[in-house]
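In case you want the letters, here they are:
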Amino acid sequence: MIIIASDHGGLELKETVKQALQDRGVEVRDLGTMNSDSVDYPDFGAKVAGALARGEADRGILICGTGIGMSIVANKFPGVRAALISDEFTAQMSKEHNNANVIVMGGRVLNSEQACRMVNVWLDTSFEGGRHQKRLDKIAQIEENVRAGRV
Ligand code: RB5
């Protein structure tokens, strides 16, 4: 199951990506936004990243105009590794090296074919582990230090 959300700037691409995921047989939980009214991306980024932090889902997709705002929000949540991806290479690396559990895309940056290819690459790529796991462990340690006020 993949949890997905966007603001108004990412709505159109969210709908396209959602359909492509469903066509692939992936169950999708859509947390909005559901129409083109202007909304605030932090509200929707927090819905997806919060659900991951609570263990309600393993993977999420966030889309705003550029992907920047959603990335900033999602990476505030413990255990969330949100990657702003821009092409198939960064989609592949986000999983292979960073084990990104959230990908973020810009609805005003990417066309729908590109974005769907990138989502497929992320889903079809495995985390390499090894030296990359050591680096993720360091990120987890940083999160713990920040939580404990050791900054
Ligand atoms: C909304 O206009 C826009 O600021 C938002 O979609 C996003 O690009 C923010 O980073």
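The present account deals with the structure reproduced in this document. Remember, it's a predicted structure, so these values are computed and weren't measured experimentally.

1. Regarding the packing of helix α4 (residues 88-96) against helix α5 (residues 112-124)
Item 1. Interaxial distance between α4 and α5 falls to 8 Å at its minimum, and their mutual angle equals 25°. By the angle class used here, α4 and α5 are roughly parallel. Every pair of crossing elements has a handedness; the one defined by α4 and α5 is right-handed. Facing α4, whose interface residues are Glu88, Ala91, Gln92, Ser94 and Lys95, α5 presents Arg117, Met118, Val121 and Trp122.
Item 2. The residue inventory of the contact of α4 with α5, partitioned by class, reads 4 nonpolar, 2 polar and 3 charged.

2. Let's talk about the site of the ligand
Item 1. All residues adjacent to the ligand are Asp7, His8, Tyr41, Cys64, Gly65, Thr66, Ile68, Gly69 and Arg108.
Item 2. Aspartate 7 is positioned such that a nitrogen or oxygen atom in its side chain is 2.6 Å from an oxygen atom of the ligand.
Item 3. Between the ligand and the protein, one listed contact pairs an oxygen atom with a backbone N or O atom of glycine 69 at 2.8 Å.
Item 4. With the chains in place, 71% of the 290 Å² that the ligand exposes on its own is no longer accessible.

3. Topic: the sheet that holds strand β1 (residues 2-6)
Item 1. Pairing is parallel in the open sheet, where 5 strands are placed in the order β2-β1-β3-β5-β4. Where the open sheet ends on each side, the last strands, each with one partner, are β2 (28-30) and β4 (82-84). When the angles between neighbouring strand axes are averaged without regard to direction, this sheet yields 20°.
Item 2. Both strand β3 (residues 59-64) and strand β5 (residues 102-106) contribute to a ladder of 5 bridges, which runs parallel. If you follow isoleucine 61 over to β5, its bridge partner there is isoleucine 103.
Item 3. The strands touched by helix α1 (residues 11-23) within the sheet are β1, β2, β3 and β5, with β1 carrying the most contacts at an inclination of about 160°.

4. Here's the deal with the environment of phenylalanine 127
Item 1. Among the secondary structure elements, phenylalanine 127 is positioned in the loop between α5 and α6 (131-147).
Item 2. We classify phenylalanine 127 as partly exposed; its relative accessible area is 23%.
Item 3. Setting aside residues up to four positions removed in sequence, phenylalanine 127 forms contacts with Lys95, Glu96, His97, Asn99, His132, Gln133 and Leu136.

Quick notes on the rules
Residues numbered from 1 in each chain as written. Predicted model: local features only at pLDDT ≥ 70, side-chain atom pairs only at ≥ 80, totals over all residues. Heavy atoms only, no water. Axes fitted to C-alpha atoms, helices over the stretch in contact; angles between N-to-C directions. Helix = DSSP H or I, 4+ residues; strand = E, 2+ residues; numbered from the N terminus. Parallel < 35°, antiparallel > 145°, perpendicular 65-115°, else oblique. Left-handed = near helix turned anticlockwise from the far one by under 90°. Contact = heavy atoms within 4.5 Å. Nonpolar A, V, L, I, M, F, W, Y, C, P; charged D, E, K, R; others polar. Near = heavy atom within 4 Å. Polar contact = N/O pair within 3.5 Å; in protein donor to acceptor, adjacent residues only side chain to side chain. Areas by Shrake-Rupley, 256 points an atom, 1.4 Å probe, with all protein chains shown as cover. Pairing = 2+ DSSP bridges. Buried < 20%, exposed > 50% of the residue type's maximum accessible area, 1.4 Å probe, protein only.

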